[in-house]
Amino acid sequence: MDKHYLTPLFAPESIVVFAGQADAPDSLTPQGRALHEALRAQRYTGTLRFLDIHTSGGTLADLAKTGADLAIIALPPADIPAALEIAGRMTCRSALVISSGIGADTASELKRIAKREGVFLLGPNGLGLQRPPLQLNASAAGPLARAGSLALVSQSGALTSSILDWAGKNGVGFSSVVSLGPNTSVDIAQVLDFLANDRQTQSIVVYLEGICSARSFMSALRSAATAKPVVVLKAGRKPAGNEAAQTHSGTIVGSDDVFDAALRRAGAVRVRSFVQLFSAAKCLASRYRPVGRRLAIVTNGGGPGVLAADWVNEIGLALGRLSPESASALSPKLPALASLADLIDLSEDATPEHYQAAIETAGQDRQIDGVLAIYSPKAGMNPADVANALAEVKRGMGKPLLSCWMGDASVAAGRGILNDALIPTFRTPEAAVGAFGNIASFYQNQQLLQQTPPPLSTLAKPDIEGARLIIENVLAERRKVLTEMESKTLLAAFHIPVTQTLLARSPNEAMMIATQLGFPVALKIDSPDIPHKSDVDGVALNILNATGVRDSYQDMMEAVSRARPQARINGITVQTMARARRGREVCVGLVTDDPFGPVIAFGAGGTMIELIDDRAMELPPLNQFLARHLISRSRVAETLGEWRGAPAADREALERILLRVSEMVCELPQLREMDINPIIVDASGAVAVDARIVIDHSPQSASGRANHYQHLAILPYPARYEQLWPLRGGGDYCVRPIHPDDAQMLQELVRQLSAESRYFRFVSSMVELPATMLSRFTLIDYDREMALVAVFRERQTAADGAVAERDRIVGVSRYITNPDQSSCEFSLVVADDFSGRGLGSRLMLSIMDVARDKGLSEIEGLVLTQNAPMLKLMRNLGFRVKPFAEDPDFRLVTHGL
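In what follows, the accompanying structure is described. (Residues numbered from 1 in each chain as written. Predicted model: local features only at pLDDT ≥ 70, side-chain atom pairs only at ≥ 80, totals over all residues. Heavy atoms only, no water.)

**A word on the overall build of the chain**
The helix and strand inventory of the chain stands at 29 helices and 36 strands. Radius of gyration (C-alpha) of the chain: 32 Å, near the 29 Å computed for a compact globule of 897 residues. Expressed as lengths along the three principal axes of its C-alpha atoms, the size of the chain is roughly 95 × 80 × 80 Å. Of all 897 residues assigned to the chain, the portion counted as buried reaches 58%. Counted over contacts in the chain with a minimum sequence separation of 6, partners at least 24 positions apart contribute 70%. Looking at the chain as shown, the accessible area adds up to about 37500 Å², and 50% of this sits on carbon and sulfur atoms. Within the chain, one finds 90 positive and 96 negative side-chain charges whose respective centroids are separated by 3 Å. (Helix = DSSP H or I, 4+ residues; strand = E, 2+ residues; numbered from the N terminus. Rg over C-alpha atoms; globule rule 2.2 N^0.38 Å. Buried < 20%, exposed > 50% of the residue type's maximum accessible area, 1.4 Å probe, protein only. Contact = heavy atoms within 4.5 Å. Areas by Shrake-Rupley, 256 points an atom, 1.4 Å probe, with all protein chains shown as cover. Lys, Arg positive; Asp, Glu negative; His and termini not counted. Charge placed at Lys NZ, Arg CZ, Asp CG, Glu CD.)

**Section: the packing of helix α8 (residues 214–227) against helix α17 (residues 429–449)**
Two elements in contact, α8 and α17, have axes separated by 11 Å at closest approach and are oriented at 125°. Classified by the interaxial angle, the pair formed by α8 and α17 is oblique. Between α8 and α17 the crossing geometry is left-handed. Touching R222, A225 and T226 of α8 are F442, Q446 and L449, all from α17. Considering only residue class, the contact of α8 with α17 consists of 3 nonpolar, 2 polar and 1 charged. (Axes fitted to C-alpha atoms, helices over the stretch in contact; angles between N-to-C directions. Parallel < 35°, antiparallel > 145°, perpendicular 65-115°, else oblique. Left-handed = near helix turned anticlockwise from the far one by under 90°. Nonpolar A, V, L, I, M, F, W, Y, C, P; charged D, E, K, R; others polar.)

**Structural notes on the packing of helix α4 (residues 80–89) against helix α5 (residues 104–117)**
Contact geometry for α4 and α5: axes closest at 9 Å, N-to-C directions at 10°. Our classification of the angle between α4 and α5 gives roughly parallel. On the side of α4, the interface is formed by I80, P81, L84, E85, G88 and R89, while α5 contributes E109, L110, I113, A114, R116 and E117. When the residues that make up the contact of α4 with α5 are grouped by side-chain class, the tally is 6 nonpolar, 1 polar and 5 charged.

**Comments concerning the sheet that holds strand β21 (residues 539–543)**
Reading across the sheet, the 4 strands line up as β19-β22-β20-β21 and stay open at both edges, with antiparallel pairing between neighbours. Sheet topology places β19 (501–504) and β21 at the edges, where each strand pairs with a single neighbour. Strand-to-strand twist in this sheet, taken as the mean axis angle between neighbours without regard to direction, amounts to 25°. As paired elements, β19 and strand β22 (residues 571–576) share 4 bridges and run antiparallel to each other. Each residue of the ladder has a partner; that of T501, found in β22, is Q575. Relative to the sheet, helix α19 (residues 484–493) contacts β19, β20 (521–526) and β22, its axis offset from that of β19 by approximately 160°. Where helix α20 (residues 507–517) meets the sheet, its contacts fall on β19, β20 and β22, and the angle it forms with β19 comes to roughly 160°. (Pairing = 2+ DSSP bridges.)

**Considerations on the packing of aromatic side chains**
Under the defined criterion, the tally for this structure stands at 8 aromatic pairs. Among the aromatic residues, those joined into a cluster by ring pairs are Y355, Y375 and W405. Directly above the ring of F50 sits R40, whose terminal nitrogen or CZ lies 4.1 Å from the centroid. Of note, R842 hangs over the ring of W725, and the distance from its end group to the ring centre comes to 3.6 Å. (Phe/Tyr/Trp six-rings, centres within 6.5 Å; stacked < 30°, edge-to-face > 60°. Lys NZ or Arg CZ within 6 Å of the ring centre and 35° of its normal.)

**Things to note about the side chain of K488**
Within the secondary structure, K488 sits in helix α19. Only 2.9 Å separates the side chain of K488 from the side chain of T499, close enough to count as a polar contact. In terms of polar contacts, K488 uses its side chain to reach the side chain of Q575, at 3.1 Å. (Polar contact = N/O pair within 3.5 Å; in protein donor to acceptor, adjacent residues only side chain to side chain.)

**A word on the nonpolar core**
Of all hydrophobic cores here, the largest spans 107 residues; its most connected members are L490 and M664. Take this core: its biggest share by element is 9 residues, from helix α24 (residues 651–667). With near-sequence residues (within four places) excluded, M664 lies in contact with L490, L491, F494, I496, L671, M674 and I693. Formed by 61 residues, the second largest nonpolar core is a distinct cluster that contains L6, F10, L35 and L208. (Core = buried A, V, L, I, M, F, W, Y, C linked by side-chain atoms within 4.5 Å.)

Below, the structure is given as structure tokens:
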């Protein structure tokens, strides 16, 4: 049960092949012919058998006794269903269909057969898979790639073959190559989930054309990016613009912008060209994991160095400069003409020893995160000698080292040496800098990945029920567009500051309202059919007296009637003018993307929003870190500081509005589009001047609490599971879902366990959790797994008598949903000094409650036979205890939910 459920597919010990008869060429499809050649070209480490689907029943019966992990099928489309059924009867646990041109109906039939037979099916319409460490080439994508630590997942067969061809000439090896076609059963999310747990895979490259389920894709991608770098190239970028949109945000936000936001939030890195994908693959194959954006440039030519420095600035990196101490130590070792001011320019007199000294110094400098070595051919200098110097330096260097050997034939030998040393090498400075920039983005996106906000912030509790009543009333009237009054009321329910607004239905009523509110005022047309009021002269600002109100009301009604004679007009709103001193206009919006769901946008506001086209996006839910990051990515952020004599705007007020909008998105699944435009912000705060909201019926029923946030691509932190419990013997403790910030406390728990307790939990003699496991245990996807920690606040007395309190994790229970989506597997550990105080029972009952709330029907686990206390606890809780067929050292414990 500790193996991934796709292990039979990607690491099979036995394979049966249905691909026609090799000695009868007419019976082979092109894929079948290629498969025969691929499988026989090297010696597979497991058992391999070829079978014809017309084999007698007796032979099948014999084979069924032993079964197989994987069935590979490369037959004409009409024969594939029968072959898959035979594989099922042979108790194959997985199947791979290598084919092309199979339609959705046939693919659905294959999925039904696979589900009925309990087979995990990869395909159809793909080129298959390669597992070089196993010497397994189950593909029609060409020769087996060399073994390495990079995994490739591609939704394009042609691109798969092209990348493998390139990799063979550039010394790049793979742990896995997986080709996915349309209508595949095992999808990209499941493949990513396997690779996230695959020890042979250190980094992942993905070519993506589309996804089916945003939730499962984001869950798997976040899990993979937690453990290792993931780089994605997506095709089919769509321009911004939605003709049916009824808000500014819906008009200017394109699906490609949303995909960008999703990848950032998942902790992955996006590249935008085939060349960049190759560049990233070079860096990932070298197992580089940058921790910053400061790139030092070592060069023997000023021109190439300046070009590299220019590109560093162009793509938002920072030029890594030596500290004064490092520069002083290095300078005597370099030629007299060398310069260390910005670039590390070794001059034309640079020798291999000079390169080695400079790179070693930069590698040890804390102000530098990576090094790019540029070599330009010089008379009397052998490029291969310089390359050998770099290869020597790399052995003891912990930071990324990239190279750019400029030229062609004269530097070819040097490039070969660099490739053999797994030092990424490029032909131009810009390509090398761009490659470092793509991988350096991994660190920044990892910070976003670590954020797991709850649905509600720590601000004052909003009136959620009042907001839902407004939405229900509008939908009951068969409307989807809220009036300005309704929109502002909805905002006010979530404590977003709005200008005081009242609706007038006549000039006299408008004058009375304006007089009561106080001048100056603004008038705006109120119509569900007019999304952009200023386009029809439906806005009048800074009206200073009652006469102006009366005249503006009449003029506005006439102008709007001429411009939009069919529009329904409710009246004209009268509102106080926002008294902002040197205020800036910004916009906060909401769009609903297919498939990622609601997305929050921020940028410049006002009437020229489409022309300015300033937008930054983030997937909800947000916390303060994410809100701040969202603001900083917009162009309008540059105007929020002290600007042309105006004091700095109140950024915290904007952050609070973004947090409130995030709350609205989480709690109101009916929201489809929203514009709060403009929001006027100055030194004293921010206020929403206008708003327009579009709603629709909930996409899914929210009757069950477990499904309440299914409209979100990222599930919020499930704060509702927090509970306070009394501790046997005195005191109390909190049981709550785990959080990424718990990593250090979880590590302390593991370190303090006895050797026996650690072995009972992990079946290992390790004394602490490896970094990747610690990250995976604390940064979890709450949709498919859950971990509850018992946190005890203990008092500690220092040597000087001072008393301090600190939180300590004293127990953890967790479950992971099984592939059948109806059951889960649990684990439990309790600190030795808290054993016997009721924590184990409470943690198990709580994790079972969560699993039940998620709709799961059974919970199961493996317990070592000699772990008598755990077996006793399981029996006391009503678990069934029985032998585990695959290993007599374990007992299988199960409980219905």
